Amino acid sequence: MTKKRAFLLSMEGIEGTGKSTHCRILSRFLKRQGYKVCIFREPGSSSVGEKIREILLHGKNELTAFCETLLFVAAREQLVTQKLKKNLYTKDVIILDRYIDATLAYQGYGAGVDVRLIKQLNKAAVGKLVPDLTILLDVCPKTGISRSGRGDRFEKRNLAFHGKVRNGYLRLAKKDKKRIKVIATDTSIENVEEKIQQIIHNRLGCKNKI
Ligand SMILES: Nc1ncnc2c1ncn2[C@@H]1O[C@H](COP(=O)(O)OP(=O)(O)OP(=O)(O)O)[C@@H](O)[C@H]1O
Ligand SMILES: [Mg+2]
């Protein structure tokens, strides 16, 4: 019998919404239930992708918004080809700490790059490997930035930029209600965790192997 391809779940949201925290918590939760899970982060999780991450997040050179777009998409293509496709039939769930929507929200709605063009670039990079489910963690930029505290290039941008990114994300969610589920993260981590698990439970039907 051929194995089903892995369920693709992306975690999205502005800085400090709790994406990485909830990728880890969810991975542990699903593993306890007997699922084979892996987490990839964007940009990164491939050797070239991690180098691109360094340029994008910590590079000293000024980058245009379009150059940023191309770098994010380049890292994404490497991730899809070198990592995602290789794990597609060995894992049950692949969790992506940011993916296609981040470029639309940040470089598109946030920095003004043509959203249709980004969609085309995304399509060229990921093909049919669009997430089955996207969890959009939502919080006001002020709270998000105050939580994040890594001081990378994006985090240093002003609140107005992060407001545009947040609205961009919410717009994407409104247009694709079936795929993108919005969860407010101005409550406790445990509360958010519970909401995420409920959504996953509905979608996967948990195995409960504990
Ligand atoms: N609901 C929450 N309430 C309070 N603190 C939270 C909540 N969710 C996450 N945090 C805390 O906020 C900080 C940032 O969380 P995390 O790194 O998971 O965010 P992120 O979305 O991955 O950020 P980035 O965009 O910078 O990668 C962590 O210290 C985390 O413990
Ligand atoms: Mg993170």
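Here the structure is a predicted model, which means the values were calculated and not measured. (Residues numbered from 1 in each chain as written. Chains lettered and ligands numbered in written order. Predicted model: local features only at pLDDT ≥ 70, side-chain atom pairs only at ≥ 80, totals over all residues. Heavy atoms only, no water.)

**Points about the environment of A6**
Phase 1: The residue A6 is located in the segment before β1 (7-12) in this model.
Phase 2: C-alpha of A6 to C-alpha of T90: the two residues are 84 residues apart in sequence and 7.6 Å apart in space.
Phase 3: With near-sequence residues (within four places) excluded, A6 lies in contact with N87, L88, K91, D92, V93, I94 and D132. (Helix = DSSP H or I, 4+ residues; strand = E, 2+ residues; numbered from the N terminus. Contact = heavy atoms within 4.5 Å.)

**So, the site of ligand 1**
Phase 1: Close contacts around ligand 1 come from 15 residues, with K19, S20, T21, S148 and T187 the closest.
Phase 2: A distance of 3.4 Å separates an oxygen atom of ligand 1 from a polar atom in the side chain of R98.
Phase 3: One of the backbone nitrogen or oxygen atoms of T185 is found 3.4 Å away from a nitrogen atom of ligand 1.
Phase 4: For ligand 1, whose unbound accessible area comes to 640 Å², protein coverage reaches 74%. (Near = heavy atom within 4 Å. Polar contact = N/O pair within 3.5 Å; in protein donor to acceptor, adjacent residues only side chain to side chain. Areas by Shrake-Rupley, 256 points an atom, 1.4 Å probe, with all protein chains shown as cover.)

**What about the packing of aromatic side chains?**
Phase 1: Here the structure, examined in full by the defined rule, presents four aromatic pairs.
Phase 2: On the numbers, 5.7 Å between centres and 55° between planes, the contact of F72 with F154 is tilted. Of this pair, F72 sits in helix α3 (residues 65-87) while F154 sits in the loop between α6 (141-148) and α7 (159-175), placing them 82 residues apart in sequence. For the residue pair F72 and F154, the accessibility class agrees, reading buried in each case. (Phe/Tyr/Trp six-rings, centres within 6.5 Å; stacked < 30°, edge-to-face > 60°. Buried < 20%, exposed > 50% of the residue type's maximum accessible area, 1.4 Å probe, protein only.)

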